[in-house]
Each structure stands twice: as structure tokens, then as C-alpha cells.
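What follows is each chain in one-letter form.
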Amino acid sequence: MHTCRNCNQSFQTELALELHRDTCKKGQLFCQVCGERFREGEATQDGWHYECPNEDCDGDGLKDDLYRVEDVRATTH
């Protein structure tokens, strides 16, 4: 069994898991450099190195410039 680390859904094959990661609602990332939101699959080729898919942005690194949307807390003043 292969399990999505974002939503804990299980899949029979690694391919099914990879296809799911591209659309997983809990796999959303936020770039603090440019403010863009995007799916995790758009930010990584190998699952280890992450960079903002926005061509005009230099944001990279999970928890450096890129954060999971569910981990980002909006503040109000």
C-alpha cells in the first residue's frame, strides 16, 4: 500500500499515488515570496527539492519560502 502523506489516503500502486498527489486538496503550497498558491506536484520533480513554479519568483525550499496552505495562519489586525 502507498499512502499520501498529506491526506492519508491509501493507494494500491505507486503510480496511483503519484497521480493523486497532483490533485490532492491537502497538497496545496503557498509561496511567501510571491504569494502564489499551487499544487505540490507543480513545485517538485523528485519529491525532495521544491521551488515556486512561478517563472518570475525565486522562492524555493519547503518551509524556507514554500509552506503548506494548512500550516499558514492568516492574521488579522
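Let me begin by describing the structure that accompanies this report. Think of each chain on its own: its residues are numbered from 1, step by step along the sequence as written. Under the rules for a predicted model, residues below a pLDDT of 70 receive no local features and side-chain atom pairs below 80 are neither given nor counted, while totals for whole chains, interfaces and linings still include all residues. Processing note: side-chain calculations cover all non-hydrogen atoms of the structure and skip hydrogens and water entirely.

### What about the nonpolar core?
Inference 1: Note on terminology: a nonpolar core comprises buried Ala, Val, Leu, Ile, Met, Phe, Trp, Tyr and Cys residues joined through side-chain atoms within 4.5 Å. Burial here depends on accessible area, computed with a 1.4 Å probe over protein chains only, as a share of the maximum for the residue type. Under 20% is buried, over 50% is exposed, and the range in between is partly exposed. If you look at the biggest cluster of nonpolar residues, it comprises eight residues: Leu-29, Cys-31, Phe-38, Ala-43, Tyr-50, Cys-52, Cys-57 and Leu-66.
Inference 2: In contact with Cys-31, not counting residues within four places along its chain, are Glu-36, Phe-38, Cys-52, Cys-57, Gly-59, Asp-65 and Leu-66. Throughout, a contact is declared for two residues whenever any of their heavy atoms are within 4.5 Å.

### Let's talk about the environment of Gly-61
Inference 1: By the secondary structure assignment, Gly-61 is in the loop between helix 2 (40-43) and strand 5 (66-68).
Inference 2: You can call Gly-61 buried: its relative accessible area is 17%.
Inference 3: Sequence separation between Gly-61 and His-20 is 41 residues, and the spatial gap between their C-alpha atoms is 22 Å.
Inference 4: Ignoring any residue separated from it by four or fewer positions in sequence, one finds Gly-61 in contact with Tyr-50 and Leu-66. Runs of H or I in DSSP of at least four residues are treated as helices and runs of E of at least two as strands, each being numbered from the N terminus.

### Thoughts on the pairing of strand 3 (residues 28-31)
Inference 1: The pairing criterion for strands is at least two bridges between them, as found by DSSP. Of the strand pairs in this sheet, strand 3 and strand 4 (residues 37-39) are connected by three bridges, and their pairing is antiparallel. Paired with Gln-28 across the strands is Arg-39, a residue of strand 4.
Inference 2: What sits between strand 3 and strand 4 in their antiparallel hairpin is a turn of five residues, with Gly-35 showing a positive phi close to 85°.
Inference 3: Sheet analysis places strand 3 next to strand 5, joined by three bridges and oriented antiparallel. What sits directly across from Phe-30, in strand 5, is Tyr-67.

### What to know about the pattern of salt bridges
Inference 1: In the sections that follow, a salt bridge refers to a side-chain nitrogen of Lys or Arg positioned within 4 Å of a carboxyl oxygen of Asp or Glu. Inspection of the entire model under this criterion finds two salt bridges.
Inference 2: Residue Glu-42 is joined to Arg-39 by a salt bridge in which the shortest nitrogen-to-oxygen separation is 3.5 Å.
Inference 3: Looking at Glu-42, the relative accessible area reads 42%, which means it is partly exposed.
Inference 4: A residue is classified by how much of its surface remains accessible, and Arg-39, at 35% relative accessible area, is partly exposed.
Inference 5: Between Glu-40 and Arg-68 there is a salt bridge whose closest N-O contact spans 3.2 Å. In this pair, Glu-40 sits in helix 2 while Arg-68 sits in strand 5, placing the two residues 28 residues apart along the sequence.
Inference 6: A residue is classified by how much of its surface remains accessible, and Glu-40, at 4% relative accessible area, is buried.

Read these as geometric descriptors, not functional statements.
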